[in-house]
Amino acid sequence: MLARLGQRDRRLTLGADEARELAPLLDEWFAVGADEASVFHLLTSGLPPRVHAAAALVADRLRRKKPAPRAPKPRPASRPQCVNCRASMFQPGLCNACVREQARYGDLPPDPTDYSVTPETAARGASAVLAAFHVNGPARGSQLRGVPLPGTGPAPAW
């Protein structure tokens, strides 16, 4: 990388031996988390109009402008989870889905992913669906407008 400094700015052209001598200083930069773009920027910005000793200037800048070690990235804090279904949330308590379930059915099942369907509940659900769609014949679009969702209000008086 030090050998390419001359391509970026002619005033900083270094020989192979000079680049080899300065390599340990550059390694210190990379050890503290610097990347190539920031090294190029810090070494080439604000140069004097005329550079007489490129290797001395680069060595001085590598010593003086070495960035401070970067702090390790903070680990994201774990989010609170729903007390019922363990869904990730912003605030502790019940998630919106569990709150709706509780409002609709009164009590929450211990694990909402474990819904056991018995033949009795399946038959009762199927008959409720059939009754909703076959009141006085097949339902038409205009007949369904304004019908509340199950459990949200009184049943329609058909």
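## Details of unusual backbone geometry
No. 1: One non-glycine residue with positive phi stands out, namely Arg-86, at about 65°.
No. 2: On the secondary structure map, Arg-86 appears in the loop between helix H4 (54-64) and helix H5 (96-105).

## A few points about the side chain of Asp-9
No. 1: Position of Asp-9 among the secondary structure elements: in the loop between helix H1 (5-8) and helix H2 (16-31).
No. 2: Aside from chain neighbours lying at most four places away, what touches Asp-9 is Thr-44 and Leu-47.

## Some points on the pattern of salt bridges
No. 1: Per the counting criterion, the structure on display carries 5 salt bridges.
No. 2: Among the salt bridges present, the one from Glu-36 reaches Arg-4, with a minimum N-O distance of 2.5 Å. With Glu-36 in helix H3 (residues 36-44) and Arg-4 in the segment before H1, this residue pair connects regions lying 32 residues apart in the sequence.
No. 3: Two residues, Asp-9 and Arg-11, come together in a salt bridge whose shortest N-O distance is 2.7 Å.
No. 4: We classify Asp-9 as buried; its relative accessible area is 13%.
No. 5: Among the residues examined, Arg-11 registers a relative accessible area of 30% and is labelled partly exposed.

## Looking at the confidence of the model for the protein
No. 1: Residue-level pLDDT values for the protein average 77, and 76% of them are 70 or greater.
No. 2: The secondary-structure element of the protein with the lowest mean pLDDT is helix H7 (residues 141-144), recorded at 51, while H4 shows the highest, at 88.

## Looking at the nonpolar core
No. 1: Within the largest apolar cluster, 21 residues are counted, with the highest numbers of intra-cluster contacts made by Leu-2, Leu-5, Leu-22, Val-58 and Leu-62.
No. 2: Of all the secondary-structure elements, those providing two or more residues to this core are H2, H3 and H4.
No. 3: Beyond its immediate sequence surroundings of up to four residues, Leu-22 is in contact with Leu-2, Leu-14, Ala-55, Val-58, Ala-59 and Leu-62.

Rules of the game
- Residues numbered from 1 in each chain as written.
- Predicted model: local features only at pLDDT ≥ 70, side-chain atom pairs only at ≥ 80, totals over all residues.
- Heavy atoms only, no water.
- Helix = DSSP H or I, 4+ residues; strand = E, 2+ residues; numbered from the N terminus.
- Contact = heavy atoms within 4.5 Å.
- Salt bridge = Lys/Arg side-chain N within 4 Å of Asp/Glu carboxyl O.
- Buried < 20%, exposed > 50% of the residue type's maximum accessible area, 1.4 Å probe, protein only.
- pLDDT = per-residue confidence, 0-100.
- Core = buried A, V, L, I, M, F, W, Y, C linked by side-chain atoms within 4.5 Å.

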